[in-house]
Amino acid sequence: MRVGQGEITDMTMNAKFAGNVKVAGLAALGASLVAGLPAWAQDAAGPIQNPTVEQMATMVDKGDTTWMLVSSALVLMMAIPALALFYGGLVRTKNMLSLLMQVFMIVSICAIMWVAVGYSLAFTAGSPYIGGLSKAMLAGVGTGTYGATFSNNVYIPEYAFVIFQMTFACITPALIIGAFAERIKFWPLMLFVIGWSLLSYYPIAHMVWFWAGPDFLVDFPTDMGLLWGMGALDFAGGTVVHINAGIAGLVGCLVIGPRVGFNKEPMPPHSLTMTMIGASLLWVGWFGFNAGSNLESNGITALAFLNTFIATAAATVSWCLVEQLRHGRPSLLGAVTGAVAGLVAITPACGFASPGGALVLGLIVSPICYIFVSTVKKMFKYDDSLDVFGVHCIGGIVGAIGTGIVADPSLGGQGWVD
Amino acid sequence: MRVGQGEITDMTMNAKFAGNVKVAGLAALGASLVAGLPAWAQDAAGPIQNPTVEQMATMVDKGDTTWMLVSSALVLMMAIPALALFYGGLVRTKNMLSLLMQVFMIVSICAIMWVAVGYSLAFTAGSPYIGGLSKAMLAGVGTGTYGATFSNNVYIPEYAFVIFQMTFACITPALIIGAFAERIKFWPLMLFVIGWSLLSYYPIAHMVWFWAGPDFLVDFPTDMGLLWGMGALDFAGGTVVHINAGIAGLVGCLVIGPRVGFNKEPMPPHSLTMTMIGASLLWVGWFGFNAGSNLESNGITALAFLNTFIATAAATVSWCLVEQLRHGRPSLLGAVTGAVAGLVAITPACGFASPGGALVLGLIVSPICYIFVSTVKKMFKYDDSLDVFGVHCIGGIVGAIGTGIVADPSLGGQGWVD
Amino acid sequence: MRVGQGEITDMTMNAKFAGNVKVAGLAALGASLVAGLPAWAQDAAGPIQNPTVEQMATMVDKGDTTWMLVSSALVLMMAIPALALFYGGLVRTKNMLSLLMQVFMIVSICAIMWVAVGYSLAFTAGSPYIGGLSKAMLAGVGTGTYGATFSNNVYIPEYAFVIFQMTFACITPALIIGAFAERIKFWPLMLFVIGWSLLSYYPIAHMVWFWAGPDFLVDFPTDMGLLWGMGALDFAGGTVVHINAGIAGLVGCLVIGPRVGFNKEPMPPHSLTMTMIGASLLWVGWFGFNAGSNLESNGITALAFLNTFIATAAATVSWCLVEQLRHGRPSLLGAVTGAVAGLVAITPACGFASPGGALVLGLIVSPICYIFVSTVKKMFKYDDSLDVFGVHCIGGIVGAIGTGIVADPSLGGQGWVD
Amino acid sequence: MKLIIAAIKPFKLEEVREALTAIGVRGMMVTEIKGFGSQSGHTEIYRGAEYAVNFVPKVRLEIVVSDGLADQVVSTIQKTAKTDKIGDGKIFVLDVQHAVRVRTGETDDDAL
Amino acid sequence: MKLIIAAIKPFKLEEVREALTAIGVRGMMVTEIKGFGSQSGHTEIYRGAEYAVNFVPKVRLEIVVSDGLADQVVSTIQKTAKTDKIGDGKIFVLDVQHAVRVRTGETDDDAL
Amino acid sequence: MKLIIAAIKPFKLEEVREALTAIGVRGMMVTEIKGFGSQSGHTEIYRGAEYAVNFVPKVRLEIVVSDGLADQVVSTIQKTAKTDKIGDGKIFVLDVQHAVRVRTGETDDDAL
Ligand SMILES: Nc1ncnc2c1ncn2[C@@H]1O[C@H](COP(=O)(O)OP(=O)(O)O)[C@@H](O)[C@H]1O
Ligand SMILES: Nc1ncnc2c1ncn2[C@@H]1O[C@H](COP(=O)(O)OP(=O)(O)O)[C@@H](O)[C@H]1O
Ligand SMILES: Nc1ncnc2c1ncn2[C@@H]1O[C@H](COP(=O)(O)OP(=O)(O)O)[C@@H](O)[C@H]1O
């Protein structure tokens, strides 16, 4: 569901996430006689168009379901404890617990909101800008409804899709708080998170990720998103998650103002050990984020996984090289910051780039982010405490631009694949 | 294997976990000609009753196997390091290492016991109260024997079932020790764990979880457990694990008596950071515990995962709200305690409730547990150091009662599904 | 790919990792008509020999792909954060961050090297001692090429195989550094790691793990490695990873010389909490390492998982018993050291031993390693700071010898299975 | 004025603080220290290697009081911190020449 | 020589150190301590159980200076560490009889 | 009695403790401190931002001994802790008026 402007009728959606109807044992028989041939046989005849929910039930592979659940667990782990520790280690001792608390609560609140309204607003038809409330409280979603993948006639349980997207909706607001860490009050932050989810995250997710699915493209030819039509590529959420969060962070830190003592007292990280644990688990969890975004488990999934691995490694090394050149020695904080920059940059590109392209993207992103966190931040004197703008937004932009380049088949990229 | 009184002949068991016989290449051919039709074709004819081990071999989906192995790894992670850190952060510095040691050793000892006798005592026929020793040292279990799931004609490798249940047998005794943390000696605790596993855990697991599997119900109609017949619902072990451990903890802390200095010196947690890491990894790992308990990877698995997610989030928020009302501000310890309460409460219900039901269950459990850990504990003056009774037993009871309610189809529940 | 001396023509390899050719929709049709029968039907006719890449595309199970990706994530987690924390907790406070940094950078550098040349040198034909550069920068590897498993006609996406092996290539050099922790400089260490990967790891991986795959054995009968022919069994890398790293560590620590103050000042571990977290995550991650080495998800995978679990538990307990006898009480460091010794010892045996055999292997390895880290080290006065030789090399040797014994079918072992 | 330095067992801190507050002490400085004395430490064993830990965790109090209060403070600490087990600690009394309260600039007895 | 002991607020440390360097102080010892005084602590609540935390984090400076410099050091600390809020801390002055520099064996004023 | 305060390099602690035990010192208090002196600290760089770390980890000993032993203690510390490198530390000697052993109530020299 890479891009999509959401021009989809309710009817389409009912067909796609063919809700409500439970697939009871023999009830599916008629459909099965048609759908029941092995997958290759269907390939011979071309994929089934506009499958019914009974047909979809036969198009689910448990390997995909398992992969989506595992990926979801990994992305939750990215938020708690990984992101909480990554950020927590960077603040002063006295702010550690409040930061952990903020991340833990943001995840909880956003999980509730996602089930209550978020999924519906992001992934049902409505206006081109935001979905409707037809699936509020997951109405119509059941153990017998299915979500489309990027492959024809491949479906996953809709609940699995709900969960996977839920983890994204939980971690993205938590990313923002690094920009105004060490000075925000608890409840106002929670209100901000609720408002930002409603006003920014759900609409943007809807605009970028909502589409009809491959089996419905032929008969619903207008179900093609504006951004898709414009050729925007965002495999795993570089725009929706990282640029979006990065900008929110920058605006937030400008509005709130700098920390008391900013540029007067030293505010060094209190535990790089915690930051390193966090960064390591972010790396591990990000495989779920990026490779999970393929929504099934195949060669492209493995490619996305590999690209995530290699871009991160490259960005780690290149940040350390920058430090070696500038300061005469690399640092642990530099290494893990580079890793996160690499993870951010490869996010939109991970399913499109070749491993070589991912390597180059990783090597490039670190020096650019380095300039932002060290020089640009100093120049403009904003207090982006934990460099959400400098790493997530800038890294996201580098990734977004890079994606267009590395996806080019002449550079070994996958081009535009389903 | 939700419930079952264990009235099963040895013959049945040999058929079910059809041990010993290796499925050698062509040897399975005869059976294959019968069993070899795709799954949908079998649906048309109804499921195969009492399948042979050769037939079972064709009823295994690697997606399920992967899911069970991943779930098992997640549940081990719940014990070490998650539970160890959750508990460890709550004790005083001087007791940290001994607590970590206790959890690590309990897991090791219980793993050995499970292979030696536990699996056999819990999951073979014997008396209605405990199994026999026919599978001691996993005799008869092999790479070509299979365990039943809740779906007809769906099997998993028996080793995978052994492993998954093994992780439960390892973490449950470790849960108990929170009730008498900071005062128990090492070797006596290990003896207690061995005794409690033999006298409490294995029998209760046998009584609640042992049954013949769906393909053997027709021809072995008495193979239906007492608790099952009584309509008890326990999806992932609310009774066997949490209530059981909670009561053991309470009894233990009463027998052992309070810590030296209890109610005289302050004994605040020494590292809420560790406790938060532990709680976060418990949350992540609990997906394996709950969704893994479906024994396969399908829409119900995804539902169990989602319910685990949402109930935990809700309980986190509601504990914080209680604290806000009572003390004027929420705390990190409150948030993570609420999360664990939510996880406990949803455990028996996770495969039956609707997401809305899970949300309500989560919202309800926290205030009830809060009353127990703050007021009831003070009133009765027992020293349940880390609130095993107040959170696990009470949360488990809330969940057990709630399950009966939220499983009701009129409330969106799944009713009694296989 | 247990053993293989690499006497394989390039042609064979092209057939096996049938590179370059993308499986485009209908293009696979011809092959599909042959390959498209369900798996059991192929069994009846015997497996397809020398399948084409189009045929391989139909021999991929998404459950296997998911398992390989999950296993890879687990093995990365073993390196960062698990190994870094395990080692980091054992050094003095002042060396913590540099140790974390070393592990993080080694992983990054080795990941880049693996993609650039490592995979090609290890897993293409060349000389018997090392592969060629035909797949440098993963040339010819794509989303439509496949890697063989140990079962006939079962393939996984080649990228997944690349990734899984990549995690091994990343963690092995990181294991070594424990032997000369607290005294090595950063950049020289990185140069050492690069050199050692090229001169030791890639060649040994090639010699031990490279073979043609089961479907190519009949027509390429000489494609059987020297060590294989000699009956060497190494399921998950006891030799390539642990003995190899252990020897490198010993040599390194002898060449570099002891730490300043060695045997003069006390150098106790600075945080056994971190070491315990590391050991726990190593245990969890090792399931990916060992059971992932089966390259698919079936009963043998589950057996490897179970053996890993039980040998580790047994080694933990037996180390504690040794300490109880020698020092009157067990220690947390002893428990986790025993766990790692058990993990190392079961690595080569995990797919061959019976659970009983794994139990015995675990019980035996701890006393032997204990003698090395306590007595032999003192006797020879080498400063193997974190006992890489005593635990990994000795544990690996115990495992290698033990494998030959416990694999014996008369002892319940699997014998030599595919 | 006198500076009273006392090394006591950590778990006695709260009790001592309360007893001192009761007799009119209004402030103190508390440091976690490692004490060495006749109370012996213990041996830690790491992978067979023994480490003698000669130091025992103690808490060190520093209290500045007017000359008149000093004796009472000493005897209060002595009585409260006492457990009759070896390692109970020591109390030392030193002369203070001058005291200042940072906030107000008040000096000597007024500063306490 | 004089030993000047000061308990100040932690975030003032850097400022005080700079001010003292400016007037010629060349060394000091800094300890993180828990301070007890009129500045009240706070209450922590763990699962409904309240814990009074009576101690406030402070930083303790020890500076040995020649008699001549002592007054200036005291007044510099007092001025720099002052925030006019309760809990700013105290300064105490004690007599030192003897000082030695370990490296050289120099004594008294030469050792500082 | 004398209170001897010494700031030394951390890795010298064990050696100094042994040397002092050898000459009859029976107790001491040990604190981990941050030292500021002519030995310069280092610079830490976090994402391009430089932080000067002016403090160096030191260990501070406090030993109360009878007047007669004081000189020997000072010279023993000075000799043992010496590495001839900058930052070896300082030793200060103060007068103690009174000492009490908490356990027994013994006073002065008997208390040590
Ligand atoms: N000579 C000394 N100078 C300074 N502190 C001392 C001295 N002797 C003992 N102490 C402190 O008092 C504590 C208790 O002393 P110890 O000799 O162990 O027991 P006791 O006072 O009961 O005889 C020690 O841990 C140390 O902190
Ligand atoms: N009598 C005392 N002896 C030693 N230290 C003291 C004494 N009184 C206060 N202090 C130290 O000074 C700090 C500040 O004192 P406090 O009474 O809280 O505020 P203020 O000095 O502004 O009145 C305390 O935290 C404590 O560390
Ligand atoms: N004037 C002082 N007052 C108190 N402590 C001091 C003083 N000068 C130095 N120190 C302590 O002695 C340590 C060593 O002093 P430094 O000047 O660095 O080296 P050296 O003594 O070799 O000249 C410092 O780190 C500090 O802890």
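As a starting point, this report considers the structure included with it. Keep in mind that this is a model prediction, so the values were computed, not measured. All chains use their own residue numbering, which begins from 1 and follows the written sequence. Chains carry letters from A onward and ligands carry numbers from 1 onward, assigned in written order. Reporting in this predicted model follows two pLDDT cut-offs: at least 70 for local features of residues, and 80 or more for side-chain atom pairs to be given and counted; totals over whole chains, interfaces and linings ignore these cut-offs and use all residues. The side-chain values count all of the structure's non-hydrogen atoms but skip hydrogen atoms and water molecules.

**Let's talk about the overall build of chain A**
Alright, step 1. Counting from the N terminus, the helices are DSSP H or I runs at least four residues long and the strands are E runs at least two residues long. Each helix and strand counted, chain A has 15 helices and two strands in total.
Alright, step 2. Exposed residues in this analysis have more than 50% of their type's maximum accessible area, buried residues have under 20%, and partly exposed residues fall in between, with area computed by a 1.4 Å probe over protein chains only. Looking at chain A as a whole, 71% of its 418 residues are labelled buried.
Alright, step 3. Pairs of residues are marked as contacts when any of their non-hydrogen atoms sit within 4.5 Å. A separation threshold of at least 6 residues defines the contact pool for chain A, and within that pool the share at least 24 residues apart is 80%.
Alright, step 4. Every accessible area reported is derived by Shrake-Rupley at a probe size of 1.4 Å, with residue values counting cover from the shown protein chains alone. On chain A, roughly 11,900 Å² of surface is accessible, and the fraction owed to carbon and sulfur atoms is 69%.

**As for the site of ligand 2**
Alright, step 1. Taken together, 21 residues form the shell around ligand 2, and within it Arg-101 and Arg-103 of chain D together with Ser-38, Gly-87 and Lys-90 of chain E come nearest.
Alright, step 2. At ligand 2, the nearby residues belong to more than one chain, namely chains D and E.
Alright, step 3. Any N or O atom pair separated by 3.5 Å or less is treated as a polar contact, with the protein-specific requirement of one donor-capable and one acceptor-capable atom, and with residues adjacent in sequence counted only for side-chain atom pairs. Taking Val-64 of chain D, its main chain carries an N or O atom lying 2.9 Å from a nitrogen atom of ligand 2.
Alright, step 4. Here an oxygen atom of ligand 2 sits 3.3 Å away from a polar atom, N or O, in the main chain of Gly-89 of chain E. Proximity criterion: a residue is near a molecule or strand once any of its heavy atoms comes within 4 Å of it.

**Remarks on the site of ligand 3**
Alright, step 1. Neighbouring ligand 3 are 21 residues, the closest being Arg-101 and Arg-103 of chain E together with Ser-38, Gly-87 and Lys-90 of chain F.
Alright, step 2. Residue neighbours of ligand 3 fall on chains E and F, so the site bridges chains.
Alright, step 3. Met-28 of chain E is positioned with one of its backbone polar atoms (N or O) 3.3 Å from an oxygen atom of ligand 3.
Alright, step 4. Between ligand 3 and Ser-38 of chain F, the relevant distance is 2.6 Å, taken from an oxygen atom to a side-chain nitrogen or oxygen of the residue.
Alright, step 5. Calculation on ligand 3 without its partners gives an accessible area of 550 Å², and the protein chains cover 98% of this total.
Alright, step 6. Looking at the shell around ligand 3, the elements that each hand over two or more residues are β2 (28-36) and β5 (56-65) of chain E together with β2 (28-36) and β6 (90-95) of chain F.
Alright, step 7. Among the elements that line the shell around ligand 3, the one with the most residues is β5 of chain E, at three residues.

**Overview of the packing of helix α5 (residues 62-90) of chain B against helix α7 (residues 158-176) of chain B**
All names here are of chain B.
Alright, step 1. Axes, fitted as lines to C-alpha atoms, cover a helix only where it is in contact. Angles between the N-to-C directions of the axes lie from 0 to 180 degrees. The interhelical angle for the contact between α5 and α7, taken along N-to-C directions, is 15°, at an axis separation of 8 Å. When the axes of α5 and α7 are compared, the pair comes out roughly parallel. When you trace α5 past α7, the crossing you get is left-handed. Between α5 and α7, the contacting residues are Met-68, Leu-69, Ser-71, Ser-72, Val-75, Leu-76, Met-78, Ala-79, Leu-83 and Tyr-87 on the first element and Ala-160, Ile-163, Phe-164, Thr-167, Phe-168, Ile-171, Ala-174 and Leu-175 on the second. In these notes the angle categories are as follows: under 35 degrees is roughly parallel, over 145 is roughly antiparallel, 65 to 115 is roughly perpendicular, and the rest is oblique. The sense of a crossing depends on the near helix, which, turned anticlockwise from the far helix by less than a right angle, makes the crossing left-handed and, turned clockwise, makes it right-handed.

**Quick notes on the relation of the copies chain F and chain D**
Alright, step 1. Copies are brought into register by a least-squares superposition over C-alpha atoms of residues with pLDDT of at least 70 in both. Screw-axis analysis of chain F against chain D gives a translation of 0.0 Å along the axis, an RMSD of 0.0 Å, and a rotation angle of 120°. Here the two chains are linked by the operation of a three-fold rotation axis.
Alright, step 2. A share of only 17% of the interface residues of chain F reappears at the interface of chain D, consistent with the copies meeting through non-equivalent patches.

**Looking at the packing of aromatic side chains**
Alright, step 1. Working definition: a ring pair exists when centres of Phe, Tyr or Trp rings (six-membered ring for Trp) sit within 6.5 Å. Plane angles under 30 degrees give stacked, over 60 give edge-to-face, the rest tilted. This model, assessed by the stated rule, comprises 78 aromatic pairs over all chains.
Alright, step 2. When the centroid spacing of 5.7 Å and the interplanar angle of 50° are considered together, the rings of Trp-286 of chain A and Phe-289 of chain A count as tilted. Here Phe-289 of chain A and Trp-286 of chain A lie together in helix α11 (residues 272-292), a separation of three residues that amounts to about one turn. Like Phe-289 of chain A, Trp-286 of chain A is buried.
Alright, step 3. Ring geometry for Phe-186 of chain C against Trp-187 of chain C: centres 4.9 Å apart, planes inclined by 75°, an arrangement best described as edge-to-face.
Alright, step 4. These aromatic residues form a ring-pair network of at least three members: Trp-114, Tyr-119, Phe-123, Phe-161, Trp-196, Tyr-201 and Tyr-202 of chain A.
Alright, step 5. Sitting over the ring of Phe-55 of chain D, Lys-34 of chain D keeps its end group 5.4 Å from the ring centre. Only when the NZ of Lys or the CZ of Arg is both within 6 Å of the ring centre and within 35 degrees of the ring normal is a charge said to sit over the ring.

**A look at the environment of Thr-308 of chain A**
Residue and element names in this part refer to chain A.
Alright, step 1. Within the secondary structure, Thr-308 is located in helix α12 (residues 299-327).
Alright, step 2. Judged by relative accessible area, which is 0%, Thr-308 ranks as buried.
Alright, step 3. For Thr-308 and Trp-283, which are 25 residues apart along the polypeptide, the C-alpha to C-alpha distance reads 8.4 Å.
Alright, step 4. Discounting residues that sit within four places of it in the chain, Thr-308 has contacts with Trp-283, Trp-286, Phe-287, Asn-290, Leu-343, Ile-346 and Cys-350.

**Some points on helix α12 (residues 299-327) of chain C**
Helical geometry: 3.6 residues make up each α-helical turn, so side chains three or four residues apart lie on a common side.
All names here are of chain C.
Alright, step 1. The terminal C-alpha atoms of α12 lie 42 Å apart, and with 29 residues this matches the ideal 42 Å at 1.5 Å per residue to within 8%.
Alright, step 2. Burial within α12 is extensive, with 25 of its 29 residues counted as buried.
Alright, step 3. Its side-chain oxygen at 3.0 Å from the backbone nitrogen of Ile-300, Asn-298 defines the N-terminal cap of α12.
Alright, step 4. Gly-328 lies just past α12 and shows a positive phi near 85°. Here a helix's expected span is defined as the number of its residues, less one, multiplied by 1.5 Å.

**Considering the pairing of strand β6 (residues 90-95) of chain E**
Along any regular strand, the residues point their side chains to alternate faces of the sheet.
Alright, step 1. The criterion for strand pairing is that DSSP finds at least two bridges linking the strands in question. Pairing between strand β7 (residues 98-101) of chain D and β6 of chain E: four bridges, direction antiparallel. Note that in β6 of chain E the partner of Val-100 of chain D across the bridge is Ile-91 of chain E.
Alright, step 2. Bridge analysis of strand β1 (residues 2-8) of chain E against β6 of chain E gives six bridges, and the strand direction is antiparallel. Each residue of the ladder has a partner; that of Lys-2 of chain E, found in β6 of chain E, is Asp-95 of chain E.

**Here's the deal with the relation of the copies chain B and chain A**
In this structure, two copies of a chain are linked by a rotation about an axis accompanied by a shift along it.
Alright, step 1. Here chain B sits on chain A after a turn of 120° about the axis and a move of 0.0 Å along it, with an RMSD of 0.0 Å.
Alright, step 2. Mapped onto chain A, only 8% of the interface residues of chain B are again interface residues, and the two copies thus contact each other with different surfaces.

**Regarding the interface of chain B and chain A**
Alright, step 1. Each side of the interface is counted separately: chain B has 49 residues, and chain A has 47 residues.
Alright, step 2. The term buried area means the drop in 1.4 Å probe accessible area that two parts suffer when joined, counted for both and summed. For the pair chain B and chain A, the summed buried surface comes to about 4,000 Å²; carbon and sulfur atoms form 84% of the total.
Alright, step 3. Each salt bridge in this description consists of a side-chain nitrogen of Lys or Arg and a carboxyl oxygen of Asp or Glu lying within 4 Å of one another. Linking chain B with chain A are two salt bridges.
Alright, step 4. For Lys-62 of chain A, the salt bridge goes to Glu-296 of chain B, with nearest N and O atoms at 2.7 Å.
Alright, step 5. The tally of links from chain B across to chain A stands at five residue pairs in polar contact (both at pLDDT 80 or more).
Alright, step 6. By residue number, the principal contributor to the side of chain B that touches chain A is helix α12 (residues 299-327) of chain B, which donates 16 residues.

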